[in-house]
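Observations on the three-dimensional arrangement
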Amino acid sequence: MAGPALRILGIDPGLRITGFGIIEKNGSKLAYVVSGCIRSGDAELPERLKDILEGLREIIEKHRPQQIALEKVFVNVNPASTLALGQARGTAICAAVDAGLPVSEYTALQVKQAVVGNGHAKKVQVQDMVKRLLGLAGAPSADAADALACAICHAHGGQGLGAIPTSGFRVKRGRLV
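Residues numbered from 1 in each chain as written. Predicted model: local features only at pLDDT ≥ 70, side-chain atom pairs only at ≥ 80, totals over all residues. Heavy atoms only, no water.

**Topic: the overall build of the protein chain**
Quick reminder of the rule: Under the DSSP-based scheme used, a helix requires at least four consecutive residues in state H or I and a strand at least two consecutive residues in state E, with every element numbered from the N terminus. A simple rule labels every residue: compare its accessible area, found with a 1.4 Å probe on the protein chains alone, to the largest value its type can have, and call it buried under 20%, exposed over 50%, or partly exposed in between. Here a residue-residue contact requires only that any non-hydrogen atoms of the pair lie within 4.5 Å. Computed by Shrake-Rupley with a 1.4 Å probe, the accessible areas treat only the displayed protein chains as cover when residues are assessed.
Of regular secondary structure, the protein chain possesses 5 helices and 7 strands. Across the protein chain, helices and strands are ordered from the amino to the carboxyl terminus as β-β-β-α-β-α-β-α-α-α-β-β. Counting the 177 residues in the protein chain, one finds 41% classified as buried. Once local pairs closer than 6 in sequence are excluded, the contacts in the protein chain between residues at least 24 apart make up 59%. Put simply, the protein chain shows about 9,200 Å² of open surface, and 52% of that area lies on carbon and sulfur atoms.

**Some thoughts on the sheet that holds strand β5 (residues 103-106)**
Rules: DSSP-based pairing: two strands are paired if at least 2 bridges between them are found. Helix axes use the C-alpha atoms of the stretch in contact, all axes being lines fitted to C-alpha atoms, and the angles between their N-to-C directions lie in the range 0 to 180 degrees.
Spatially, 5 strands are ordered β3-β2-β1-β4-β5 in an open sheet, and the strand pairing comes out mixed. Bordering the open sheet on either side are β3 (29-39) and β5, each of which pairs with just one other strand. Between one strand and the next, the sheet's axes are offset by a mean angle of 20 degrees, whatever the strand orientation. Those strands touched by helix α2 (residues 79-98) are β1 (6-12), β4 (67-71) and β5, and its axis lies near 175 degrees from that of β4.

**Points about the side chain of D12**
So the rule is basically this: Asp and Glu count as negative and Lys and Arg as positive, but His and the ends of the chain are not part of the count. For this analysis, a salt bridge means a side-chain nitrogen from Lys or Arg found within 4 Å of a carboxyl oxygen belonging to Asp or Glu.
Mapped onto the elements of the fold, D12 is located in strand β1. Although D12 lies buried, it forms no salt bridge, and the closest oppositely charged side chain, K123, sits 5.0 Å away as judged by the N-O distance. Once you skip the residues sitting within four places of it in the chain, D12 turns out to touch I17, T18, G19, E71, D143, D146 and A147.

**Observations regarding the environment of R48**
Its place among the elements puts R48 in helix α1 (residues 45-63). As for R48 and R16, which are separated by 32 residues in sequence, their C-alpha atoms are 7.6 Å apart.

**Overview of α2**
Definition in use: One less than the number of residues in a helix, times 1.5 Å, gives the span that helix is expected to have. As used in this structure description, the phrase polar contact means that two N or O atoms lie within 3.5 Å; if the pair is within protein, one of them must be able to donate a hydrogen and the other to accept it, and residues adjacent in sequence are counted only when both atoms belong to side chains.
Helix length check: α2 (20 residues) gives 28 Å between terminal C-alpha atoms against 28 Å at 1.5 Å per residue, within 8%. Buried within α2 we find T82, A84, A88, R89, T91, A92, A95 and A96. Buried residues along α2 sit in contact with β1, α1, β4 and β5. The distance from a side-chain oxygen at the start of α2 to the backbone nitrogen of A80 is 2.9 Å, and the residue carrying that oxygen is N78. Two residues or fewer after α2 comes G100, characterised by a positive phi angle close to 75 degrees.

**Regarding the packing of α1 against α2**
The test is simple: Each helix crossing is assigned a hand: it is left-handed if the near helix lies turned anticlockwise from the far helix by less than a right angle, otherwise right-handed if that turn is clockwise. Each residue is assigned to one class: nonpolar for Ala, Val, Leu, Ile, Met, Phe, Trp, Tyr, Cys and Pro, charged for Asp, Glu, Lys and Arg, and polar for all the others, Gly among them.
Viewed as axis vectors pointing N to C, α1 and α2 meet at an angle of 35 degrees, and their least axial separation amounts to 9 Å. Every pair of crossing elements has a handedness; the one defined by α1 and α2 is right-handed. Counted together, L45, L49, I52, L53, L56, R57 and I60 of α1 and Q87, A88, T91, A92, C94, A95, A96 and D98 of α2 form the full contact between these two elements. Its residues assigned to classes, the contact of α1 with α2 comprises 11 nonpolar, 2 polar and 2 charged.

As structure tokens, then:
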């Protein structure tokens, strides 16, 4: 008989939309708890970051996750977008640390590999596999699916369906090199 369920909050940070998803792992079984998006609108940067922080604090307080899984930021062509995404990610980390929760980080490649079995899977493939793995009636939104996928990746020890070794590698343009 398995011990108590482990509740994991997955976060897909974004400045406009931050996806979140909570699952429970009991032995090898995964169960869906809740998912959704925190929308920060078009306010000035400090207000948007405040919206993300308050939204995550509320989710953490209401659903009491025990661990946090967060998607790592990759550097893209636009440095300003990368910086903004980094600030949203930092805000998510602060919400977790403020609640005394451990944070694990995964690249998009690791998350897709763990959930779909292909590190270069399309968003719709991730949504479909999240739906299947959690037995959902419908596919979650892309941002919520990414957050749930991050939680699933963590639940599988960061390895998932097709374990990929990451030690000794670094991330360049969203890829392990």
